[in-house]
Amino acid sequence: MPLLDRDRCRLLVVDIQEKLLPAMDAQESFVRNAAIVLQAARTLGVPSLISEQYPQGLGSTIAPITSLAPDVPRLSKTTFSCALEPRMREWFDLNASGQIVLIGLEAHVCVLQTAMDLQRDGFEVFVVADAVSSRKAASVQTALARLASASVSIVTTEMVVFEWMRTAASPHFKALSKLIR
């Protein structure tokens, strides 16, 4: 798998919703890392999309995420895989750049199924290990192991930020590197 290239990349934020988050493992670090990836995407001009699983029942995307992404489209779904939802499928196809970074909930359900479907459809898929969560840590570990064995790239928040920047000479280096500290 190549390094991330922000000019060929898209970010998908999966189901970080009000009624899902309270049941998740390691909530604080998960939300922090998801916010860092989203801020980096916004700063560096990486197109992004937010999915919401049945928002009528599970609520909207949490405020710490929506406040960082006021102009990012939010699409609702009932399918577990975002790749099976027609409006999201259209977004992927319109933005068919080759690479998709995934963050969100739950690692072993919606993130896993989306990653597997997008990879099958020819995208290079990167799942951010410290910016996904599930109710149980074992579910995250199992999902990441399964994805890795299927040749989905498993990356970290820092890997994403620094691969998108590529150089300390980036005009955004100082601001984005502060997010990591």
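Thresholds applied
Residues numbered from 1 in each chain as written. Predicted model: local features only at pLDDT ≥ 70, side-chain atom pairs only at ≥ 80, totals over all residues. Heavy atoms only, no water. Helix = DSSP H or I, 4+ residues; strand = E, 2+ residues; numbered from the N terminus. Expected span 1.5 Å × (residues − 1). Core = buried A, V, L, I, M, F, W, Y, C linked by side-chain atoms within 4.5 Å. Buried < 20%, exposed > 50% of the residue type's maximum accessible area, 1.4 Å probe, protein only. Axes fitted to C-alpha atoms, helices over the stretch in contact; angles between N-to-C directions. Parallel < 35°, antiparallel > 145°, perpendicular 65-115°, else oblique. Contact = heavy atoms within 4.5 Å. Nonpolar A, V, L, I, M, F, W, Y, C, P; charged D, E, K, R; others polar. Pairing = 2+ DSSP bridges. Right-handed = clockwise from strand over helix to strand, strands pointing away.

J.: Looking at this structure, how should I read helix H1 (residues 27-44)?
T.: Residues spaced three or four apart along an α-helix point in a common direction, a consequence of the helix completing one turn every 3.6 residues. Counted at 1.5 Å a residue, the expected span for H1 with its 18 residues is 26 Å, and the 26 Å between its end C-alpha atoms agrees. In the stretch just after H1, Gly 45 is the one whose phi turns positive, near 75 degrees.

J.: Please clarify how the nonpolar core should be interpreted in this entry.
T.: As a rule of thumb, nonpolar side chains are buried together in soluble globular proteins. Leu 11, Val 101 and Trp 164 are the most contacted members of the largest nonpolar core, which has 38 residues in total. When contributions to this core are tallied by element, the ones reaching two or more residues are strand S1 (9-14), H1, strand S4 (99-105), strand S5 (124-133), helix H7 (157-165) and helix H8 (173-180). Here this core takes ten residues from H1, the largest share from any one element. Leu 12, Cys 110, Ala 143 and Leu 147 belong to the second largest nonpolar core, which has 26 residues in total.

J.: What exactly am I supposed to notice about the packing of H1 against H8 here?
T.: Geometry of a packed helix pair, given as the angle between the helix axes and the separation of the axes. Packing of H1 against H8 brings their axes to within 10 Å, and their N-to-C directions diverge by 170 degrees. The pairing of H1 with H8 is recorded here as roughly antiparallel in orientation. Facing Arg 32, Ile 36, Gln 39, Ala 40, Thr 43 and Leu 44 of H1, the residues of H8 in contact are Leu 176, Leu 179 and Ile 180. Within the contact of H1 with H8, the residues separate by chemical class into six nonpolar, two polar and one charged.

J.: For this particular structure, what's the right way to read the pairing of S5?
T.: As a general feature of sheets, a regular strand has side chains that alternate between the two faces. Counted residue by residue, S5 has eight buried out of ten residues, so it is predominantly covered. Where S4 meets S5, six bridges bridge the pair, whose relative direction is parallel. The partner of Gln 99 across the bridge, within S5, is Glu 124. The parallel pair S4 and S5 is bridged by helix H5 (residues 107-120), and the resulting crossover is right-handed. Direction of pairing for S5 relative to strand S6 (residues 153-155): parallel, over a ladder of three bridges. Bridging across to S6, Val 127 finds its partner in Ile 154.

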